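Spelled out from the first residue to the last, the chains are:
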Amino acid sequence: GNSVTQMEGPVTLSEEAFLTINCTYTATGYPSLFWYVQYPGEGLQLLLKATKADDKGSNKGFEATYRKETTSFHLEKGSVQVSDSAVYFCALGGYKLSFGAGTTVTVRA
Amino acid sequence: DAGVTQSPTHLIKTRGQQVTLRCSPKSGHDTVSWYQQALGQGPQFIFQYYEEEERQRGNFPDRFSGHQFPNYSSELNVNALLLGDSALYLCASSLYPTSGEETQYFGPGTRLLVL
């Protein structure tokens, strides 16, 4: 079945540092890939998505590229801010979303 | 444009009781999915409703049931509550079967505590 393996956290960074969160997947067919973000005490917000191989999703300075050859969808941001502190989830699409375990990111001022 | 709404925001129940959670989808969406998110984990798919019928189900017991109304809103019912049912319950809406678009939009969740 479909599954997602996500880099374990927690990750602690200083402001303006570079962030990478690794995500690899196993899937039948070619589902869409997503990154969702969850702030403390809230639901999930869609951060970005990619619907086919080599697509790059981007939003709020975050980027991720759908790599079929390495079955990966790593999330990157060049310069993080304190407001980026949250839990990030990689997810595989289809009729249901299959989520990774989540990576907690803390950005210090 | 109204997003996904859920009620109540928090709920405390005791073991053996029954609970009903409610969800209104994003405007224009016709499909509702429910997820359970235990503390420190990723959400797990419970089931999906489309055209007032359960179309897909995850690995959850029959104690978990649901309903979808003609206005596309949905309810999640859990009977005979167990301590392990304590979690954040998330509702998500989409247009998946209709359009093939896999993106799901989530509500803020209902936090259930079973004592």
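Everything discussed here concerns the structure shown above.
To continue, consider the nonpolar core. Residue and element names in this part refer to chain A. Leu19, Trp35, Leu48, Phe73, Leu75, Tyr88 and Val105 are the most contacted members of the largest nonpolar core, which has 25 residues in total. Among the secondary structure elements, those contributing two or more residues to this core are strand 2 (11-14), strand 3 (19-21), strand 4 (23-26), strand 5 (33-38), strand 6 (44-50), strand 8 (62-65), strand 10 (86-92) and strand 12 (103-108). The dominant element in this core, judged by the number of residues it contributes, is strand 10, at 4 residues. When residues no more than four places from it in sequence are discounted, the contact partners of Leu48 are Leu33, Phe34, Trp35, Gly57, Ser58, Asn59, Phe62, Glu63, Ala64, Phe73 and Leu75.

To continue, consider unusual backbone geometry. Cis rather than trans, the peptide bond between Gly9 of chain A and Pro10 of chain A has omega equal to -5°. Looking at the element boundaries, Pro10 of chain A is found in the loop between strand 1 (3-6) and strand 2. Of note, the bond from Ser7 of chain B into Pro8 of chain B is cis; its omega dihedral lies within 30 degrees of zero at -10°. Structurally, the position occupied by Pro8 of chain B is in the loop between strand 1 (5-7) and strand 2 (10-13). With a phi close to 50°, Ala80 of chain B is a non-glycine residue in the positive phi region.

On the chain A side, the residues contacting the 20 residues of chain B number 19 residues. In total, about 1500 Å² of surface goes out of reach between chain B and chain A, with carbon and sulfur atoms giving 55% of it. Counting the contacts that link chain B with chain A gives 1 salt bridge. For Lys49 of chain A, the salt bridge goes to Glu101 of chain B, with nearest N and O atoms at 3.2 Å. Linking chain B to chain A there are 10 residue pairs in polar contact (both at pLDDT 80 or more). The set of elements that each furnish at least two residues to the side of chain B that touches chain A consists of strand 4 (31-37), strand 5 (44-50), strand 9 (87-94) and strand 10 (105-106) of chain B. The residue makeup of the side of chain B that touches chain A, split by class, is 9 nonpolar, 9 polar and 2 charged.

Analysis parameters
- All residue numbers refer to positions counted from 1 along the written sequence of the respective chain.
- Written order determines the labels here, with chains lettered from A and ligands numbered from 1.
- Local features in this predicted model are restricted to residues whose pLDDT is 70 or higher, and side-chain atom pairs enter the listing and the counts only when it is 80 or higher, whereas totals over whole chains, interfaces and linings include all residues.
- Based on all heavy atoms of the structure, the side-chain values leave hydrogens and waters out of the count.
- In this text, buried Ala, Val, Leu, Ile, Met, Phe, Trp, Tyr and Cys residues form a nonpolar core when linked through side-chain atoms within 4.5 Å.
- Burial classes follow relative accessibility: with a 1.4 Å probe on protein chains only, a residue under 20% of its type's maximum area counts as buried, one over 50% as exposed, and anything between as partly exposed.
- Numbering of helices and strands runs from the N terminus; a helix is a DSSP stretch of H or I covering at least four residues, while a strand is a stretch of E covering at least two.
- Note on contacts: a residue pair is in contact if any heavy atoms of the two residues lie within 4.5 Å.
- Accessible surface is computed with a 1.4 Å probe, and the buried area is the amount of it that two parts give up when combined, taken over both parts together.
- By convention in these notes, a salt bridge is any Lys or Arg side-chain nitrogen within 4 Å of a carboxyl oxygen on Asp or Glu.
- Within 3.5 Å is the distance limit for a polar contact, defined as a pair of N or O atoms, with the added protein rule that one can donate a hydrogen and the other accept it, and that residues adjacent in sequence qualify only through two side-chain atoms.
- Think of it as three bins: nonpolar holds Ala, Val, Leu, Ile, Met, Phe, Trp, Tyr, Cys and Pro, charged holds Asp, Glu, Lys and Arg, and polar takes everything else, Gly as well.

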